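# Close look at the chain arrangement
Single-letter residue listing:
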There are 2 protein chains.
Amino acid sequence: MGKKNHEWRDSPTDTLRVNAGFSIADFDCASTPGFTGHKRHSSQLMEERGRILSDLQERLFAEGRSEGNRSVLLVIQGMDTAGKGGIVRHVVGLVDPQGVQHHSFGVPTEEEKSHDYLWRIDNALPTPGHIGVFDRSHYEDVLVVRVHNYVEPAVWGKRYDEINAWEAKVVASGTRIVKCALMVSKEEQLNRLEERLDRPDKYWKYNPHDLDERSYWDAYMEAYQAAFDRCSTDIAPWHAIPADRKWFARLAVTELLTQALEDMNVTWPAAEFDIQTEKQRVAALRAAK
Amino acid sequence: MGKKNHEWRDSPTDTLRVNAGFSIADFDCASTPGFTGHKRHSSQLMEERGRILSDLQERLFAEGRSEGNRSVLLVIQGMDTAGKGGIVRHVVGLVDPQGVQHHSFGVPTEEEKSHDYLWRIDNALPTPGHIGVFDRSHYEDVLVVRVHNYVEPAVWGKRYDEINAWEAKVVASGTRIVKCALMVSKEEQLNRLEERLDRPDKYWKYNPHDLDERSYWDAYMEAYQAAFDRCSTDIAPWHAIPADRKWFARLAVTELLTQALEDMNVTWPAAEFDIQTEKQRVAALRAAK
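Residues numbered from 1 in each chain as written. Chains lettered and ligands numbered in written order. Predicted model: local features only at pLDDT ≥ 70, side-chain atom pairs only at ≥ 80, totals over all residues. Heavy atoms only, no water.

Within an unreviewed UniProt entry, the label attached to chain A reads PPK2 family polyphosphate:nucleotide phosphotransferase, and the organism entered is Demequina lutea.

What follows concerns the overall build of chain A. Across its full length, chain A carries 12 helices and five strands. Expressed as lengths along the three principal axes of its C-alpha atoms, the size of chain A is roughly 75 × 50 × 40 Å. Each of the 289 residues in chain A was classed as buried or not, and the buried ones make up 55%. Relative to all contacts within chain A whose residues are 6 or more apart in sequence, the contacts with residues 24 or more apart total 82%. Summing over all exposed atoms, chain A offers an accessible surface of approximately 12,800 Å²; the carbon and sulfur share of this is 47%. Seen as two clouds, the 37 positive and the 45 negative side-chain charges of chain A have centres 6 Å apart. (Helix = DSSP H or I, 4+ residues; strand = E, 2+ residues; numbered from the N terminus. Buried < 20%, exposed > 50% of the residue type's maximum accessible area, 1.4 Å probe, protein only. Contact = heavy atoms within 4.5 Å. Areas by Shrake-Rupley, 256 points an atom, 1.4 Å probe, with all protein chains shown as cover. Lys, Arg positive; Asp, Glu negative; His and termini not counted. Charge placed at Lys NZ, Arg CZ, Asp CG, Glu CD.)

Our next topic: the relation of the copies chain A and chain B. Look at the two chain copies: a rotation about an axis and a shift along it is all it takes to match them. Rotating chain A by 180° about the axis while translating it 0.0 Å along that axis superimposes it on chain B, leaving an RMSD of 0.0 Å. The transformation just described matches what one would write down for a two-fold rotation axis. Take the interface residues of chain A: 98% of them recur as interface residues in chain B, which is what a same-surface contact looks like. (Least-squares fit on C-alpha atoms with pLDDT ≥ 70 in both.)

Turning next to the sheet that holds strand β4 (residues 175-183) of chain B. All names here are of chain B. Across the sheet, which stays open at both edges, the five strands sit in the order β2-β3-β1-β4-β5 with parallel pairing between neighbours. Each edge of the sheet is formed by a strand with only one pairing partner; in this case those strands are β2 (100-104) and β5 (238-242). Within the sheet, the average angular offset between the axes of one strand and its neighbour, ignoring direction, is 20°. As paired elements, β4 and β5 share five bridges and run parallel to each other. (Pairing = 2+ DSSP bridges. Axes fitted to C-alpha atoms, helices over the stretch in contact; angles between N-to-C directions.)

This brings us to the sheet that holds strand β5 (residues 238-242) of chain A. Residue and element names in this part refer to chain A. In spatial order, the strands read β2-β3-β1-β4-β5; together these five strands make up an open sheet with parallel pairing. Where the open sheet ends on each side, the last strands, each with one partner, are β2 (100-104) and β5. Neighbour to neighbour, the strand axes of the sheet diverge by 20° on average, direction disregarded. In terms of strand pairing, strand β1 (residues 71-78) meets strand β3 (residues 131-135) through five bridges, oriented parallel. By the bridge assignment for β3, Val 75 is matched with Phe 134. The strands touched by helix α11 (residues 246-263) within the sheet are β1, β3, β4 (175-183) and β5, with β4 carrying the most contacts at an inclination of about 165°.

With that settled, the discussion passes to the interface of chain A and chain B. Contacts between chain A and chain B engage 45 residues on the former and 44 residues on the latter. Taking both sides of the interface into account, the surface hidden between chain A and chain B amounts to around 4,300 Å²; carbon and sulfur atoms contribute 63%. Counting across the chain A and chain B interface gives 10 salt bridges. With a closest N to O distance of 2.6 Å, Asp 212 of chain B and Arg 281 of chain A form a salt bridge. Along the contact surface separating chain A from chain B lie 16 residue pairs in polar contact (both at pLDDT 80 or more). Listed by contribution, the elements that provide at least two residues to the side of chain A that touches chain B are α2 (39-65), α3 (84-90), β2, α8 (186-198), α9 (208-214) and α12 (275-288) of chain A. Here the element with the most residues in the side of chain A that touches chain B is α12 of chain A; it accounts for seven residues. Per-class residue counts for the side of chain A that touches chain B are 20 nonpolar, eight polar and 17 charged. (Buried area = accessible area lost by both parts, 1.4 Å probe. Salt bridge = Lys/Arg side-chain N within 4 Å of Asp/Glu carboxyl O. Polar contact = N/O pair within 3.5 Å; in protein donor to acceptor, adjacent residues only side chain to side chain. Nonpolar A, V, L, I, M, F, W, Y, C, P; charged D, E, K, R; others polar.)

Turning our eyes to something else, we now look at the state of the cysteines. One pass over the structure, following the stated rule, counts zero disulfides over all chains. Note on Cys 180 of chain A: no disulfide assigned, nearest cysteine sulfur contributed by Cys 29 of chain A at a separation of 15 Å. Under the relative-accessibility criterion, Cys 180 of chain A is labelled buried at 1%. Of the cysteine sulfurs around Cys 231 of chain B, a residue in no disulfide, the closest is that of Cys 180 of chain B, at 15 Å. A residue is classified by how much of its surface remains accessible, and Cys 231 of chain B, at 0% relative accessible area, is buried. (Disulfide = S-S within 2.5 Å.)

Now for helix α2 (residues 39-65) of chain B. Between its first and last C-alpha, α2 of chain B extends 38 Å over 27 residues, near the 39 Å set by a 1.5 Å rise per residue. In α2 of chain B, a bend of some 25° at Leu 45 of chain B exceeds every other bend along the element. (Expected span 1.5 Å × (residues − 1). Bend = angle between axes of the 7 residues up to and from the residue.)

What follows concerns the environment of Val 100 of chain B. All names here are of chain B. Position of Val 100 relative to the elements: it lies in strand β2. Taking the C-alpha atoms as reference points, Val 100 and Ile 131, 31 residues apart in sequence, are found 4.9 Å from one another. Contact partners of Val 100, with chain neighbours within four places excluded, come to Val 92, Val 95, His 130, Ile 131 and Val 133.

Another point: the layout of surface pockets. All names here are of chain B. Considering only enclosed or pocket space, the second largest pocket measures out at about 230 Å³ in volume. Every residue lining the second largest pocket is counted, 16 residues in all, and those nearest its centre are Thr 13, Arg 176, Ile 177, Pro 237 and His 239. Where the lining of the second largest pocket is concerned, the elements lending two or more residues are α1 (12-15), β4 and α11 (246-263). Looking at the lining of the second largest pocket, its residues break down into seven nonpolar, four polar and five charged. (1 Å grid on protein atoms, 1.4 Å probe; cavity = no way out; pocket = protein on both sides within 12 Å on 5 of 7 lines; lining within 4 Å. Points joined across faces, edges and corners; volume = space filled by probe spheres on them.)

What follows covers the packing of α8 of chain A against helix α12 (residues 275-288) of chain B. The N-to-C vectors of α8 of chain A and α12 of chain B enclose an angle of 155°; their axes lie 10 Å apart at closest approach. Relative to α12 of chain B, the element α8 of chain A is oriented roughly antiparallel. Seen along the crossing, α8 of chain A lies across α12 of chain B with a hand that is left-handed. Residue-level contacts link Leu 190, Asn 191, Glu 194, Leu 197 and Asp 198 of chain A of α8 of chain A to Ile 275, Glu 278, Lys 279, Val 282, Leu 285 and Arg 286 of chain B of α12 of chain B. Here the contact of α8 of chain A with α12 of chain B is built from residues that sort into five nonpolar, one polar and five charged. (Parallel < 35°, antiparallel > 145°, perpendicular 65-115°, else oblique. Left-handed = near helix turned anticlockwise from the far one by under 90°.)

Here you go:
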């Protein structure tokens, strides 16, 4: 990290990474691993890191406008109420919307169903220079689909390897993948559902179906564990983000995204024209006035 | 406006609107019409109005998620260096990226060319609940196309009426159109081009072709004047934004967008479920713990 006054003792890139042996059962959704600061510092820190993130994003965008083929893909997964929308608003919202390509994946449409499950995902990949954001993703095809056996176990069972192969191809083509699972506890989910029922400005976020899904909590945790076990690869590791404290989850994802871009060493592209010639053309116009 | 401590003496919705008799020749690109504040107040005002804009955008988004069919379309036009990108970053960046659908229109692709000029525009219209942003638009088809006669004058000449009819249809289907022309002076454009040649972090924004286009300045102003004369309708009026002072242009577009949303009276949608039933379900889960 190397920043002064920085309240991360350990980098979330390391601390939150899902490694072999990671167990959801032992995970504390209210924890703030590696962070030594307090909630009250978080908005200032968001602003500071946001400026850096925004600058890096502009460099990436500039690179994409010249010969670059690189991009970033932020994959956001999480149970209902985990705060996926808040990450988009508060973290992705730190950068220029021009450089963002956001996709929410819901229940597949008829057209989407007529294709392979990765078809709609492929179509939504970010173009060079952009930060793609997936609010839900291809992981739904081994999460909700697995929990409800929407396809045969033999079919979803093969998908872990397919996803790894697909992600490897995406990374090889220049897209850095940052996978974030927002881990909300079952207790906190109930609090948030209750809040949605108490506030008229939150009704639109409440769906009675979410309560039905909640009754499959354990099956979902099993499915998340399997996705972590099988698909947290060196090329595209998973990060498990404690999400009971929204401020922490937002800080953590900001940091993960910023560090991903820092690691890419994005520099301003060189001029694709002769600078002296152009300066002379401009000077001539200036003189002619 | 009705806000205390508000530094707009007159609403930009009125002041900046292009009415009959508007003349580009008499327009001062460095002016700040209707604004009594100073540049030094602008960032605080952007923040204040941004919070309101952001809240209104969330309501619109919520409406779109329930039965609503309304949306907003921000059309941004302007000569090179006028600050179109800055409007996207600094104004559109005030709201949740989830609710934004941004499109830049460049030179038409082969596929786009094989269709009517409004085809690609139609395809990019915002879906319900969203703020669509057009960085350049169908107006290119009566601006650059007219200046260079890329099609016969008889063809572009018919487009003004076609555009009005198309915009009327779009408005009737629930999309509020906010058209903003960023008016930069020829002198200020030269300053900005010079700056791009002086700063390695700006090279990527410089295109030698922009200088060629600059030599058509008068023809462009004629084309803008015609677009204003023919297409500033009651249904979708043009706003001419003085853009030599970037801070003013950003404030003005923020205000236009905010007022458009205020005029739409977007309220939080009613619950689409029985609140009592759902509260009982949640309470039962709470008790069972």
